[in-house]
Amino acid sequence: GNNDDASVLDQWTRFLIPFIIYPLVTFSLVASGRTRQIWTGIVIGASGISVIMVLVMWRKTLEQKRRRQTRRTAIDGLLQCNDLEKEESGPLLERVFHLYDSDQSGTMEPSEVRELLHNMYPTLPRHVVQDLLVSLPDAVRLEHFADLVSRATRNEAARRQAETRQAGTARVARAATETLDFMS
């Protein structure tokens, strides 16, 4: 929220004040005669440019933040969809596809697919993501996107089931050990 904006402004002012504005102001005060007026003009101009740079960086940061939030909302909607192969999931899949197709080329590059999968399933192991990527063409088209997301979803579901089984087995083993300890 506002803390992110303040952080960006703080970073830029920490750079601009000591390295650009202060030296220019100091130099202009040292200069004398007509050159003083010239340097004062330069300092004022540089200060204006510095403010513009801070505002541009702040705007870029806000745009990135909005893009991340839009992507997160779309992914949450996709994750709530029960069956990705039904027709009603089509517009949602298309929206997510276009949000992650950074260059709007109509295809997703492996890096874009990797980012999507990481955002959908942050705990998905790297080797699973790599296996999914290896089985794809160099660039994923919208037609293949639903299949990719379905495979990733099935993979994540299977991984979670295995974790649950392992946790259950560990609980049973721990309970059995406690029972044996109690009986002895």
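Calculation notes
Residues numbered from 1 in each chain as written. Predicted model: local features only at pLDDT ≥ 70, side-chain atom pairs only at ≥ 80, totals over all residues. Heavy atoms only, no water. Helix = DSSP H or I, 4+ residues; strand = E, 2+ residues; numbered from the N terminus. Buried < 20%, exposed > 50% of the residue type's maximum accessible area, 1.4 Å probe, protein only. Contact = heavy atoms within 4.5 Å. Core = buried A, V, L, I, M, F, W, Y, C linked by side-chain atoms within 4.5 Å. 1 Å grid on protein atoms, 1.4 Å probe; cavity = no way out; pocket = protein on both sides within 12 Å on 5 of 7 lines; lining within 4 Å. Points joined across faces, edges and corners; volume = space filled by probe spheres on them. Nonpolar A, V, L, I, M, F, W, Y, C, P; charged D, E, K, R; others polar. Phe/Tyr/Trp six-rings, centres within 6.5 Å; stacked < 30°, edge-to-face > 60°. Lys NZ or Arg CZ within 6 Å of the ring centre and 35° of its normal.

For the overall build of the chain, give the residues involved together with the corresponding values.
Broken down by element type, the chain carries 6 helices and 2 strands. Listing every helix and strand of the chain by position from the N terminus yields α-α-α-β-α-α-β-α. Counting every position in the chain, which comprises 184 residues, the buried fraction comes to 24%. Sequence-distant contacts in the chain: of pairs separated by 6 or more residues, those separated by 24 or more amount to 58%.

Tell me about the nonpolar core, residues and numbers included.
In terms of nonpolar packing, the biggest core is built from 24 residues, with Val96, Met108, Val113, Leu116, Met120 and Phe145 touching the most fellow members. When residues of this core are traced back to their parent elements, those giving at least two are α2 (34-80), α3 (90-100), α4 (110-120), α5 (126-134) and α6 (142-183). Those residues within four positions of Met120 in sequence are excluded, and the remaining contacts are Ile75, Leu78, Leu79, Val149 and Thr153.

So, the layout of surface pockets: which residues are in play, and what are the values?
Approximately 160 Å³ is the volume attributed to the second largest pocket. Contributions of two or more residues to the lining of the second largest pocket are made by α4 and α5. The dominant element in the lining of the second largest pocket, judged by the number of residues it contributes, is α5, at 3 residues. Split by residue class, the lining of the second largest pocket holds 5 nonpolar, 2 polar and 2 charged.

Talk me through the side chain of Arg71; I want residue IDs and the actual numbers.
Here Arg71 is to be found in helix α2. Of the residues examined, Arg71 reaches a relative accessible area of 8% and is grouped as buried. Apart from the residues lying within four places of it in its own chain, the contact partners of Arg71 are Leu99, Tyr100, Ser102 and Glu115.

Give me the packing of aromatic side chains: which residues, what numbers.
Inspection of the entire model under this criterion finds 1 aromatic pair. Geometrically, the ring pair formed by Phe97 and Phe145 is edge-to-face, given 5.3 Å between the ring centres and 70° between the ring planes. One end of the pair, Phe97, is in helix α3; the other, Phe145, is in helix α6, with 48 residues separating them in the sequence. Phe145 carries the same exposure label as Phe97, and that label is buried. For the cation-ring pair, Arg71 lies above Tyr100, with the distance from its terminal atom to the ring centre recorded as 4.2 Å.

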